[in-house]
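Examination of the molecular architecture
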Amino acid sequence: MYKPNKVITLGQFIIERQTDFPYAKGELSRLLRDIGIAAKIVNREVNKAGLVDILGEAGTDNVQGESQKKLDVYANEQFIAALSSGGETCAVASEENEEMINIESAVSKNAKYVVAIDPLDGSSNIDVNVSVGTIFSIYRRTTLTGKSDLSDFMQKGTDQIAAGYVIYGSSTMLVYTTGKGVNGFTLDPSIGEFCLSHPDMTIPKTGNIYSINEGNYLHFPDGVKKYMKYCQEEDAATKRPYASRYVGSLVADFHRNMLKGGIYIYPTTTKSPKGKLRLMYECNPLAMIIEQAGGKASDGFNRILDIQPTTLHQRTPLFIGSSDMVNKAEEMMTRYSQVSV
Ligand code: AHM
Ligand code: MG
């Protein structure tokens, strides 16, 4: 007997799961849907990146006489436009903008959410056809009326209402959580829809991959150096040595570790004494996702989601992935790099 495959699109899934949402259900659904639409538009441009020689370099005019934008600027504009026109978002904080952006449109007057976003992370990888990503974090505004201000963003990661990422890779996926598990959707280009492909994602408790920029080794804290040596030692019982895999695109390294088990580390270095990655739109959203998937995210000593932000673009060291691996790395940090950052 013919059994049709049941394809569930992102839009259908969001509506079916509305009861999971803690607050205004329709509004958060629409916000997530808007992010999905912008992701499809950005995906289209990312896929054309290799044609830049034909269509024109960023900063020059293309054959139609339109000026070509750098893709990270383009992605930023697309997400801000989608969030502005949707009417559910009153302010956006983006890696691309120094200041938060208040969305003034009338439609956003009663908007209840603020969004922190890295529109195109790892964008230096675009020129070489390596995966890049978008990372986003959604909070309920804390100011009740009027113009949104910085205090709406200065909430801990534990206050996130939803978080997600998009990976523009060999296929394009959108992964998100609203605090009730993690679900992944793969873009089917033939129908232009994100379709549920990875329901209820969980990260293995341990793994055998570690991801870190080893070129910075000399500048790492002793705890990280010791943990790396631990990863490289022979031990059959724990399947060491682990494999080293580092794409240099956070979303790609994170996504691989989510599926296979592993740890990603961007610690402090002598060059970047606070770490490189940004708390609000890189670390917090991925930390919410990893915890929802059964993993762990730490700054080497403490939980990422418990950090009280004080500025929009603040940095933090990040140790994220399989819980056993993050626990082991934290143990080494406590033993050899006592000072918490
Ligand atoms: P970006 O926001 O400027 O793209 O930087 C973030 C990226 C991450 O995607 C990646 O994991 C990391 O920076 C790589 O940094 P490095 O080249 O120092 O290893
Ligand atoms: Mg980034």
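Now for a description of the structure that goes with this document.

Reading guide: rules and limits
Residues numbered from 1 in each chain as written. Chains lettered and ligands numbered in written order. Predicted model: local features only at pLDDT ≥ 70, side-chain atom pairs only at ≥ 80, totals over all residues. Heavy atoms only, no water. Helix = DSSP H or I, 4+ residues; strand = E, 2+ residues; numbered from the N terminus. Pairing = 2+ DSSP bridges. Contact = heavy atoms within 4.5 Å. Axes fitted to C-alpha atoms, helices over the stretch in contact; angles between N-to-C directions. Buried < 20%, exposed > 50% of the residue type's maximum accessible area, 1.4 Å probe, protein only. Polar contact = N/O pair within 3.5 Å; in protein donor to acceptor, adjacent residues only side chain to side chain. Donors = N, O, S within 2.8 Å, 3.2 Å for Na, K, Ca; no water. Phe/Tyr/Trp six-rings, centres within 6.5 Å; stacked < 30°, edge-to-face > 60°. Lys NZ or Arg CZ within 6 Å of the ring centre and 35° of its normal.

Take the environment of Arg-17 next. With respect to the secondary-structure elements, Arg-17 resides in the loop between α1 (10–16) and α2 (25–47). Between the alpha carbons of Arg-17 and Thr-178 there is a distance of 9.6 Å; along the sequence they are 161 residues apart.

Adjacent strands of a sheet pair through backbone hydrogen bonds, lying either parallel or antiparallel. Here we have 5 strands laid out as an open sheet, ordered β10-β9-β11-β13-β12, and mixed in their pairing. A single partner strand is all that each edge strand has here, and the edge strands are β10 (243–244) and β12 (296–298). With 3 bridges joining them, β12 and strand β13 (residues 318–321) adopt antiparallel strand pairing. What sits directly across from Ser-298, in β13, is Phe-319. Lying over the sheet, helix α6 (residues 250–260) contacts β9 (209–211), β11 (263–266) and β13, oriented at roughly 165° with respect to β9.

Overall, mixed pairing links the 8 strands, which are arranged β2-β1-β3-β4-β5-β6-β7-β8 in an open sheet. This sheet does not close on itself; its edge strands, each paired only once, are β2 (101–102) and β8 (193–198). Of the pairings in the sheet, the one linking strand β6 (residues 172–177) to strand β7 (residues 182–188) comprises 5 bridges and is antiparallel in character. Each residue of the ladder has a partner; that of Leu-174, found in β7, is Phe-185.

Mapped onto the elements, Ser-137 comes out in strand β4 (residues 132–140). Assessed through its relative accessible area of 0%, Ser-137 is described here as buried. In this structure the side chain of Ser-137 is engaged in a polar contact, spanning 2.8 Å, whose partner is the side chain of Gln-160.

Of the protein atoms, only Glu-95 (OE), Asp-118 (OD), Asp-121 (OD) and Glu-282 (OE) coordinate the magnesium ion (ligand 2), at distances of 2.0 to 2.4 Å. In this structure Asp-118 comes out as buried when scored by relative accessible area, which is 1%.

Turning our attention to the packing of aromatic side chains. Under the criterion given, the structure shown has 7 aromatic pairs. Judged by centre distance (6.2 Å) and plane angle (20°), the rings of Tyr-246 and Tyr-264 are stacked. Pair noted here: Tyr-246 is in the loop between β10 and α6 and Tyr-264 is in strand β11, with a separation of 18 residues, a long-range link. We classify Tyr-264 as buried; its relative accessible area is 3%. Looking at Lys-225, its charged tip hangs above the ring of Tyr-217, at a distance of 5.6 Å from the centre. It is Lys-226 that lies over the ring of Tyr-336; its NZ or CZ is 5.0 Å from the centre.

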